[in-house]
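Structure assessment
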Amino acid sequence: MDFGMPTLIELPAPEDCAKLCRELGLQFVELNMNLPQYQPDRIDRDRLRKIREEYGIYFTIHLDENLNPADFNPYISQAYLRTVEDAIALAKREDIPVLNMHLSRGVYFTMPEKKIFLFDTYQEQYLTAMRGFRDRCEAAIGPADVKVCVENSDGFTDFHVKALDLLLESPAFALTFDIGHNHGIGGRDEGIILRRRERLRHFHFHDGVGKKNHLPLGAGEIDLEKYFALAEAREGRIVLETKTVAGLKESVKWVRRMQSA
């Protein structure tokens, strides 16, 4: 398995992330496209290539968490589609194997007794848009070895599950299992993911206590060994997704103990 680190707010320059990645014996850095320096119009592709060659690491990409290719406003949805196509072009050029994404819940109306999600109410339109998103990604990727991996976050809704299965009809799509997010919602997404385990390619590992997550591995209550075994069985990549340099170092220590056990 390959292990990687997220983009850390303490290390805004990609060179600094790559240096720490190599020092810790990790294999890749997951670039976070929520940050201004990693927007499609600002990424210096030649710089990324030089970093990759100098430090002997590679990159994956975490797409913008606001990504919503099914937005009802066509101007907005087209902007997101173009953003993903730009990221795919970057991935193909720079040998980036994974683009990680969340499924948006979209807008909801808060009623006296519950929330009504517009993607649920207008589900046919939503699923048509997600099918179009799938097809555009597949066309952009072509024969390249690039996967768009869908990550669990705040709990998959019924319309998310239908969209997920639409996306997974394409070989261009796969799954990311974030074990900390899953723990924080009481494990509700685990069954959905494990029923599709043959499509698992990518993992986000962080520990948690109750709803609090992104703790260093070993600092919480998650059964980490169980998920480590799952990742090994799937030969997946693991991002040690803590948010600080200190937390990342503690997580690396936990991994080394597991590997030497």
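The present account deals with the structure reproduced in this document. Values in this document were obtained by computation on a predicted structure and should not be read as measured data. (Residues numbered from 1 in each chain as written. Predicted model: local features only at pLDDT ≥ 70, side-chain atom pairs only at ≥ 80, totals over all residues. Heavy atoms only, no water.)

Overview of the pattern of salt bridges
In the structure shown here, the tally under the stated rule is 14 salt bridges. Residues glutamate 94 and arginine 52 are paired through a salt bridge, measuring 3.4 Å at the closest nitrogen-oxygen approach. Taken together, the residues glutamate 94 in the loop between helix H3 (74–93) and strand S4 (98–102) and arginine 52 in helix H2 (residues 45–55) connect sequence positions 42 residues apart. You'll find glutamate 94 and arginine 52 in the same group, each marked buried. Arginine 52 serves as the salt-bridge partner of aspartate 95, at 3.8 Å between the closest nitrogen and oxygen. Separated by 43 residues along the polypeptide, aspartate 95 in the loop between H3 and S4 and arginine 52 in helix H2 bring together distant segments of the chain. Judged by relative accessible area, which is 17%, arginine 52 ranks as buried. Taken together, the shared-partner salt bridges connect Asp46, Arg49, Arg52, Arg93, Glu94 and Asp95 into one network. (Salt bridge = Lys/Arg side-chain N within 4 Å of Asp/Glu carboxyl O. Helix = DSSP H or I, 4+ residues; strand = E, 2+ residues; numbered from the N terminus. Buried < 20%, exposed > 50% of the residue type's maximum accessible area, 1.4 Å probe, protein only.)

As for the sheet that holds strand S2 (residues 28–32)
Within the closed barrel, the 8 strands sit side by side as S1-S2-S3-S4-S7-S8-S9-S12. Their pairing is parallel. Pairwise comparison of adjacent strand axes, ignoring direction, gives a mean angle of 30° for this sheet. Sheet topology note: the S2/strand S3 (residues 58–62) ladder contains 5 bridges and is parallel. Bridge pairing links leucine 31 to isoleucine 61 in S3. (Pairing = 2+ DSSP bridges. Axes fitted to C-alpha atoms, helices over the stretch in contact; angles between N-to-C directions.)

Observations concerning unusual backbone geometry
Phi angles above zero are rare outside glycine, and aspartate 95 is one such case at about 55°. Owing to a relative accessible area of 53%, aspartate 95 belongs among the exposed residues under this scheme. Non-glycine residue histidine 214 carries a positive phi angle of around 60°. In this structure, histidine 214 sits in strand S11 (residues 212–215).

Things to note about helix H1 (residues 14–23)
Turning to H1, its buried residues number three or more, namely Pro14, Cys17, Ala18, Leu20 and Cys21. All buried residues of H1 fall inside an arc of 165° around its axis, so they share one side. Its buried side turned inward, H1 meets strand S1 (3–6), S2, H2 and helix H10 (245–260). In the segment just after H1, glycine 25 is the residue with positive phi, at about 75°. (Arc of directions from axis to C-beta. Contact = heavy atoms within 4.5 Å.)

Details of the pairing of strand S8 (residues 173–178)
Of all 6 residues in S8, 6 are buried, a share of seventy percent or more. Judged by which residues are buried, S8 turns out to be covered on both faces: Phe173, Leu175 and Phe177 on one side and Ala174, Thr176 and Asp178 on the other are all buried. Summarising the sheet, strand S7 (residues 147–151) and S8 pair through 4 bridges and their orientation is parallel. The residue bridging valine 150 from the neighbouring strand is leucine 175, located in S8. Once the chain exits S7 it traverses helix H6 (residues 158–167) before rejoining the sheet at S8, and the crossover so formed is right-handed. Of the strand pairs in this sheet, S8 and strand S9 (residues 200–205) are connected by 4 bridges, and their pairing is parallel. The residue of S9 that forms the bridge with phenylalanine 177 is phenylalanine 203. (Right-handed = clockwise from strand over helix to strand, strands pointing away.)

Overview of the side chain of glutamate 151
Examined against the element boundaries, glutamate 151 turns out to sit in strand S7. No salt bridge is formed by the buried glutamate 151; its nearest oppositely charged neighbour, lysine 243, is found at 8.1 Å. A polar contact of 3.4 Å, which involves the side chain of glutamate 151, links it to the side chain of histidine 62. With residues near it in sequence (within four places) discarded, glutamate 151 still touches His62, Asn100, Met101, His102, Phe156, Thr176, Asp178, His181 and His204. (Lys, Arg positive; Asp, Glu negative; His and termini not counted. Polar contact = N/O pair within 3.5 Å; in protein donor to acceptor, adjacent residues only side chain to side chain.)

Some thoughts on the environment of aspartate 44
Secondary-structure assignment places aspartate 44 in the loop between S2 and H2. Among the residues examined, aspartate 44 registers a relative accessible area of 41% and is labelled partly exposed. The spacing of aspartate 44 and phenylalanine 59 is 15 residues in sequence and 13 Å in space, taken between C-alpha atoms. Within polar-contact distance, the side chain of aspartate 44 engages the backbone nitrogen of arginine 47 at 3.0 Å.

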